[in-house]
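Coordinate inspection notes
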Amino acid sequence: MQSAEHTIKPNAIPRRSFLNLAFFSSLALLLAQSLAALVKFLKPVPSGGFGGEVYAGRVDEFTVGSVNRVLAGRFYLVRTEEGLLALWQRCTHLGCSVPWVDAEAQFHCPCHGSLFNNLGEVTGGPAPRPLDIFPISIRNGEVWVDTGKPIQRSRFDAGQVTRA
Ligand code: FES
């Protein structure tokens, strides 16, 4: 006489089939997770950081005459009477980061002493051209700066300012 443990129920999955099913299900899950990780890795850099479009703030946050550092985008947002200018903080001499010095009311490069006014124009030192600018777009009162498209310029002109 057989014990109850060894009887095979009519609807039960045989042990070998169950193990195969568990193995292949786990394998499929692992492959799906690997594929998801690969897709995430290969996706282009999302906006929001340097190299993409960076949110700078609301237009009304920037008072006329102010020079505002936007760390995430590595630029300064300058508000003039006419509008906004986004200046890349990268020195046009050899690429050092140029800080705005409030006490001097100018950008002063710590590396070789280049000086730039609030429009990014060279006022002293070895820098060969003004600070580069980034395109600005204003949408629903929000200021967005495209840090993937720096623009070199030989001088400042009013057409570089985005009306705000
Ligand atoms: S890198 Fe700025 S002056 Fe040389």
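Each remark here, short or long, concerns the structure printed above.
On a predicted model such as this, the values are computed, not experimentally measured, just so you know.

Structural notes on the overall build of the chain
Across its full length, the chain carries one helix and 12 strands. Along the chain, helices and strands appear, N-terminal first, in the series α-β-β-β-β-β-β-β-β-β-β-β-β. The 164 residues of the chain split such that 34% are buried. Considering only contacts in the chain between residues 6 or more positions apart, those separated by 24 or more positions represent 46%. Split by element, the accessible area of the chain, about 10,700 Å² in all, is 58% carbon and sulfur.

Some points on the sheet that holds strand β6 (residues 106-108)
Strand order in the open sheet formed by four strands is β5-β6-β7-β8, and the pairing between neighbours is antiparallel. Whereas interior strands pair on both sides, the edge strands pair on one side only; in this sheet they are β5 (100-101) and β8 (122-124). Looking at chain direction, strand β7 (residues 115-116) and β8 are connected through two bridges and run antiparallel. Looking across to β8, one finds that Leu115 is bridged to Gly124.

Quick notes on the state of the cysteines
In total, this model carries one disulfide according to the counting rule given. Between Cys96 and Cys111 runs a disulfide, and the two sulfur atoms are separated by 1.9 Å. Between Cys96 and Cys111, the S-S dihedral sits near -100°, and the bridge is therefore left-handed. Within this pair, whereas Cys96 is found in the loop between β4 (83-88) and β5, its partner Cys111 is found in the loop between β6 and β7, the two being separated by 15 residues in sequence. For Cys111, a relative accessible area of 36% corresponds to the partly exposed category.

Observations concerning the side chain of Asp146
Relative to the helices and strands, Asp146 is located in strand β11 (residues 142-146). The buried category is assigned to Asp146, whose relative accessible area is 19%. Engagement of the side chain of Asp146 in a polar contact is seen with the backbone nitrogen of Gly148, the distance being 3.0 Å. Dropping the residues within four chain positions of it, Asp146 is found in contact with Gly52, Glu53, Phe134 and Pro135.

A closer look at the nonpolar core
Soluble globular proteins: nonpolar side chains tend toward being buried together. Of all hydrophobic cores here, the largest spans 18 residues; its most connected members are Val67, Leu85, Leu87, Val98, Phe107, Phe116 and Leu131. For this core, the secondary structure elements donating two or more residues are β3 (75-79) and β4. When residues no more than four places from it in sequence are discounted, the contact partners of Leu85 are Tyr76, Leu77, Val78, Leu119, Ile133, Ile136, Arg153, Phe156, Gln160 and Val161. The next biggest cluster of nonpolar side chains, apart from the first, holds 14 residues, and it includes Phe62, Phe134, Ile136 and Val143.

Focus: the side chain of Asn117
Relative to the helices and strands, Asn117 resides in the loop between β7 and β8. Within the local environment of Asn117, its side chain forms a polar contact with the backbone nitrogen of Leu119, the two atoms lying 2.9 Å apart. At 2.7 Å, the side chain of Asn117 and the side chain of Glu121 are in polar contact. Leave out the neighbours within four places in its chain, and Asn117 touches Trp100, Phe107 and Thr123.

Calculation criteria
- Note that residues are indexed from 1 along each chain, following the sequence as it is written.
- Totals for whole chains, interfaces and linings use all residues, but because this is a predicted model, local features are given only for residues with pLDDT of at least 70 and pairs of side-chain atoms are given and counted only at 80 or more.
- Remark: hydrogens and water are excluded; side-chain values derive from all non-hydrogen atoms of the structure.
- Numbering of helices and strands runs from the N terminus; a helix is a DSSP stretch of H or I covering at least four residues, while a strand is a stretch of E covering at least two.
- Partly exposed describes any residue whose relative accessible area lies between the buried limit of under 20% and the exposed limit of over 50%, with all areas from a 1.4 Å probe on protein chains only and scaled to the type maximum.
- Here a residue-residue contact requires only that any non-hydrogen atoms of the pair lie within 4.5 Å.
- We get accessible surface area from the Shrake-Rupley algorithm with a probe of 1.4 Å; when it comes to residues, only the shown protein chains can shield them.
- Here, a strand pair is defined by DSSP locating no fewer than two bridges between the strands.
- Whenever a pair of cysteine sulfur atoms sits within 2.5 Å, that pair is classed as a disulfide.
- In the analysis that follows, any N or O atom pair within 3.5 Å is treated as a polar contact, provided that within protein one partner can donate a hydrogen and the other can accept it, and provided that, for residues neighboring in sequence, both atoms belong to side chains.
- To form a nonpolar core, buried Ala, Val, Leu, Ile, Met, Phe, Trp, Tyr and Cys residues must be joined to one another through side-chain atoms within 4.5 Å.

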